[in-house]
Structure formats: structure tokens, C-alpha cells
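Listed below are the residues making up each chain.
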Amino acid sequence: MSMKKWRSKSANMLFTRPIYESEFPALAASMAEDGISIVLADNANGYQWLVADYQVPAKSIREVWGLTPHQMRRLIHWALTNSSGLNTWE
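As the structure is a computational prediction, the values presented were derived from the model and not from experiment. (Residues numbered from 1 in each chain as written. Predicted model: local features only at pLDDT ≥ 70, side-chain atom pairs only at ≥ 80, totals over all residues. Heavy atoms only, no water.)

Student: Help me understand the pairing of strand β1 (residues 36–40), please; the structure alone is not making it clear to me.
Tutor: Remember that side chains alternate between the two faces of the sheet whenever the strand is regular. The buried count for β1 comes to four of five residues, which makes it a mostly enclosed element. Note that β1 and strand β2 (residues 47–51) share five bridges and pair antiparallel. Residue pairing in the sheet places S37 in a bridge with L50 of β2. (Buried < 20%, exposed > 50% of the residue type's maximum accessible area, 1.4 Å probe, protein only. Helix = DSSP H or I, 4+ residues; strand = E, 2+ residues; numbered from the N terminus. Pairing = 2+ DSSP bridges.)

Student: Please clarify how the side chain of Q71 should be interpreted in this entry.
Tutor: Within the element layout of this structure, Q71 appears in helix α3 (residues 69–81). For Q71, the side chain forms a polar contact with the main-chain nitrogen of T68, separated by 2.9 Å. (Polar contact = N/O pair within 3.5 Å; in protein donor to acceptor, adjacent residues only side chain to side chain.)

Student: Quick question: what am I supposed to make of the packing of aromatic side chains here?
Tutor: Scanning all chains against the criterion turns up one aromatic pair. Geometrically, the ring pair formed by F24 and W78 is tilted, given 5.7 Å between the ring centres and 35 degrees between the ring planes. One end of the pair, F24, is in helix α1 (residues 24–33); the other, W78, is in helix α3, with 54 residues separating them in the sequence. Overall, W78 belongs to the buried group, its relative accessible area being 8%. (Phe/Tyr/Trp six-rings, centres within 6.5 Å; stacked < 30°, edge-to-face > 60°.)

Student: Is there a simple way to explain unusual backbone geometry in this structure?
Tutor: For residues that are not glycine, phi is negative in most cases, and the peptide bond is trans in most cases. One non-glycine residue with positive phi stands out, namely A52, at about 55 degrees. Looking at where A52 falls in the secondary structure, it is placed in the loop between β2 and β3 (54–56). Using a relative accessible area of 55% as the deciding quantity, one classes A52 as exposed. The backbone of D53 shows a phi angle near 65 degrees, a positive value even though the residue is not glycine. Within the secondary structure, D53 sits in the loop between β2 and β3.

Student: How should I be thinking about the confidence of the model for the chain in this particular structure?
Tutor: On average, residues of the chain score 82 in pLDDT, and 80% of them are at 70 or above. Looking at the elements of the chain, mean pLDDT is at its lowest for β1, recorded as 89, and at its highest for β3, recorded as 93. (pLDDT = per-residue confidence, 0-100.)

Encoded structure:
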């Protein structure tokens, strides 16, 4: 499975490049284009990831988009606190 390309710079680095808060809107827009959304849910996490109305584990989203666990936590926090194309409120 190949990683999604949402950055304009190279992904080949020895260490993980940081994702700045200013880059979250571009990442969220790319994820929304692929049909990914995050919704509030009554489960242990308080949210769930959906792709075309199918539940997907956060780890799968993280692996496909090349995010570290810390970057994923920051993205989730940003998506739930800001208005983005990712959150759908049911």
C-alpha cells in the first residue's frame, strides 16, 4: 500500500518531518477528497473514522497517510476542534 501524497516536499527523510498546524487544512482537504470523515461516537475514543460510511481503524488511516501516532493525535484534536471538511456531525 503506498502512502498518500499531500505535501509538496520530499517524504524521504531520516526522521519524521513535523506537521505544522498550518498544514492541517491541506491534509484534511486531501483526506476529505478521498471520502474520509471523522464523526463523534459513543465509544472509548469518542470518535470514529469513516470511509464511505464504513468504519475504519485509526491505525489504517495513519499508515496510508504516513502519519506517526503523535501526528495522528494532533490531527484528530485539530479536526475535532476546528471546522474542516473531515468532521461530519450526525
